[in-house]
Amino acid sequence: MQRRVFVKSGALALVTLGLSPSFLRRTAFGMELAGAAKGKTLICLFQRGAADALNLVVPHGERAYYALRPSIAIPRPSLRAQGAAIDLDGFFGLHPALAPLKPLYDRNLLAPIHAVGSPSATRSHFDAQDYMETATPDRKSTPDGWLNRLLAVEGTCDECKAPSAFRGVAMSAQTPRSMQGAAETVAMNSIEQFTIRAAGGQAERLEALYRTGSADLVHGAGREMFEAVAMLRAANPQRYQPRNGAEYPRTDFGRRLLQIAQLVKANVGMEIAFADIGGWDTHVNQGGATGQLANRLDDFARSIAALVTDLGDKMEDVVILTMSEFGRMARENGNRGTDHGHAGAMFAIGSAVRGGKVHGRWPGLEREQLFEQRDLALTTDFRAVFSEIASGHLGASRLDAIFPGYGDRRSEWIGLL
């Protein structure tokens, strides 16, 4: 079987092409490779369902915020008010459930970005996610995702001297839209489930093929691949121990970020990592300082804080970027929730980030300042954030190819790095 045929086979999910068992052993136990090429990594975290930006990064200095949200607004910062916003700069504050992120802000590692998002006016989750993951608003025909294009074009990750099968890794059951395209990427639920997926008895027949004794590279690599998968199954990746006292929540999102930390520490040349977290579509009983949204934020914040703590000084080479397809309506609805809106909020985290300040121009929440008189208005195109990080952190020089129709608009960058 030719290597290319194996790669293109629709019945198989490629999981270990170019992979050596020694790499897998390092990954399984979170070991580090001395002398490995030093590269940069971007970790993208997608909040699917349209997170409510106004209750994540609370504009507590805005009078209209409290008028629009009589039952779900987060109280102004106060030592006496229970569940109050955590003040950042006298105007904005964090939702109290985001308290684990406040130390990162104080250390200038965390940069919230407000009133950011897609210029598309769609309020469809499916369309908005597609537009953001392809970085082509209002264009449904784009065949590939922006993260894949980032890997596919030259001029990225100049410090990565050797190509890696693990340049792009999604901790998800399926390859997300943003990572679909010409460049090879890997999607997996977890390291312990890292395996060969084949229909019927194809896996057994493939393994028999690889064990027939041929000494060529493909057969040798295939035999090692099956041995590596068996080894991983027996190795119990649960033996991995986070460092620096990091404690990940025992949730799917926490587990995914823990395993991204394992991959970063293994120094396998991973440039892009992706994970998502759902549950942000809060039309009914959203809650304020406690409740549905607060519970989701608790998992979100504790998982990210653990990842940063676990990575330690490796955050010098890592940027974490959060995103959601759009924000939510400024005024709460009759079900004490919020409906689909327009602009949202992002968080950028890392040593390279100009943290300790809230980025983006605040448009205000008075009726005449709202988008279509109902939503937080957009002042920063999400592609300005993506392209600044792609260029400044990963060294991308072909922004015209990565962001078709947008290109290199440095005048719109917000000074994030």
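Above this text is the structure in question.
Residues numbered from 1 in each chain as written. Predicted model: local features only at pLDDT ≥ 70, side-chain atom pairs only at ≥ 80, totals over all residues. Heavy atoms only, no water.

Caption draft 1: Quick peek at the overall build of the protein chain. Counting its secondary structure elements, the protein chain contains 13 helices and 11 strands. Looking at the 417 residues of the protein chain, the share that counts as buried comes to 56%. Contacts in the protein chain between residues at least 24 apart in sequence constitute 73% of all its contacts with a sequence separation of at least 6. As displayed, the protein chain offers around 17,100 Å² of accessible surface, 47% of which is attributable to carbon and sulfur atoms. (Helix = DSSP H or I, 4+ residues; strand = E, 2+ residues; numbered from the N terminus. Buried < 20%, exposed > 50% of the residue type's maximum accessible area, 1.4 Å probe, protein only. Contact = heavy atoms within 4.5 Å. Areas by Shrake-Rupley, 256 points an atom, 1.4 Å probe, with all protein chains shown as cover.)

Caption draft 2: Quick look at the packing of helix α10 (residues 252-265) against helix α11 (residues 292-311). α11 packs onto α10 with a crossing angle of 20 degrees between their chain directions and a minimal axis gap of 9 Å. By the angle between their axes, α10 is roughly parallel relative to α11. With respect to the hand of their crossing, α10 and α11 are arranged in right-handed fashion. Together, Phe253, Gly254, Leu257, Ala261, Val264 and Lys265 of α10 and Asp299, Phe300, Ser303, Ile304, Leu307, Asp310 and Leu311 of α11 make up the contact between the two elements. Residues belonging to the contact of α10 with α11 are distributed by class as follows: 8 nonpolar, 2 polar and 3 charged. (Axes fitted to C-alpha atoms, helices over the stretch in contact; angles between N-to-C directions. Parallel < 35°, antiparallel > 145°, perpendicular 65-115°, else oblique. Left-handed = near helix turned anticlockwise from the far one by under 90°. Nonpolar A, V, L, I, M, F, W, Y, C, P; charged D, E, K, R; others polar.)

Caption draft 3: Here's a closer look at helix α12 (residues 382-392). In terms of burial, α12 is largely enclosed, as 10 of its 11 residues are buried. Three or more residues of α12 are buried, namely Phe382, Arg383, Ala384, Val385, Phe386, Ser387, Glu388, Ile389, Ala390 and Ser391.

Caption draft 4: Region of the structure containing unusual backbone geometry. Within the chain, alanine 50 stands out as a residue other than glycine whose phi angle is a positive 75 degrees. Mapping alanine 50 onto the fold places it in the loop between β1 (41-47) and α3 (53-56).

Caption draft 5: Main features of the pattern of salt bridges. Per the counting criterion, the structure on display carries 23 salt bridges. The closest approach of N and O atoms between arginine 383 and aspartate 381, which form a salt bridge, is 2.7 Å. For the pair arginine 383 and aspartate 381, a shared accessibility class is recorded, and that class is buried. Taken together, the salt bridges that share partners define one network made up of Arg48, Glu133, Arg256 and Asp276. (Salt bridge = Lys/Arg side-chain N within 4 Å of Asp/Glu carboxyl O.)

Caption draft 6: View of the side chain of histidine 393. Structurally, histidine 393 is set in the loop between α12 and α13 (399-402). The exposure class of histidine 393 is buried, given its relative accessible area of 6%. At 3.5 Å, the side chain of histidine 393 and the backbone oxygen of aspartate 317 are in polar contact. Ignoring anything within four residues of it in the chain, the contact list for histidine 393 reads Lys40, Thr41, Leu42, Asp317, Val318, Val319, Glu388 and Leu417. (Polar contact = N/O pair within 3.5 Å; in protein donor to acceptor, adjacent residues only side chain to side chain.)

Caption draft 7: Structural context of the sheet that holds β1. If you walk across this open sheet you meet the 8 strands as β7-β6-β8-β1-β9-β10-β5-β11, and the pairing is mixed. Looking at which strands have only one partner, the edges of the open sheet turn out to be β7 (186-187) and β11 (380-381). Where strand β5 (residues 110-117) and strand β10 (residues 344-349) come together, 6 bridges link them in antiparallel fashion. Paired with alanine 111 across the strands is alanine 348, a residue of β10. Packing against the sheet, helix α6 (residues 125-134) makes contact with β1, β8 (272-277) and β9 (318-324), and its axis sits at approximately 170 degrees to β1. Strands β1, β6 (168-170), β8 and β9 of the sheet are contacted by α10, whose axis makes an angle of about 175 degrees with β8. (Pairing = 2+ DSSP bridges.)

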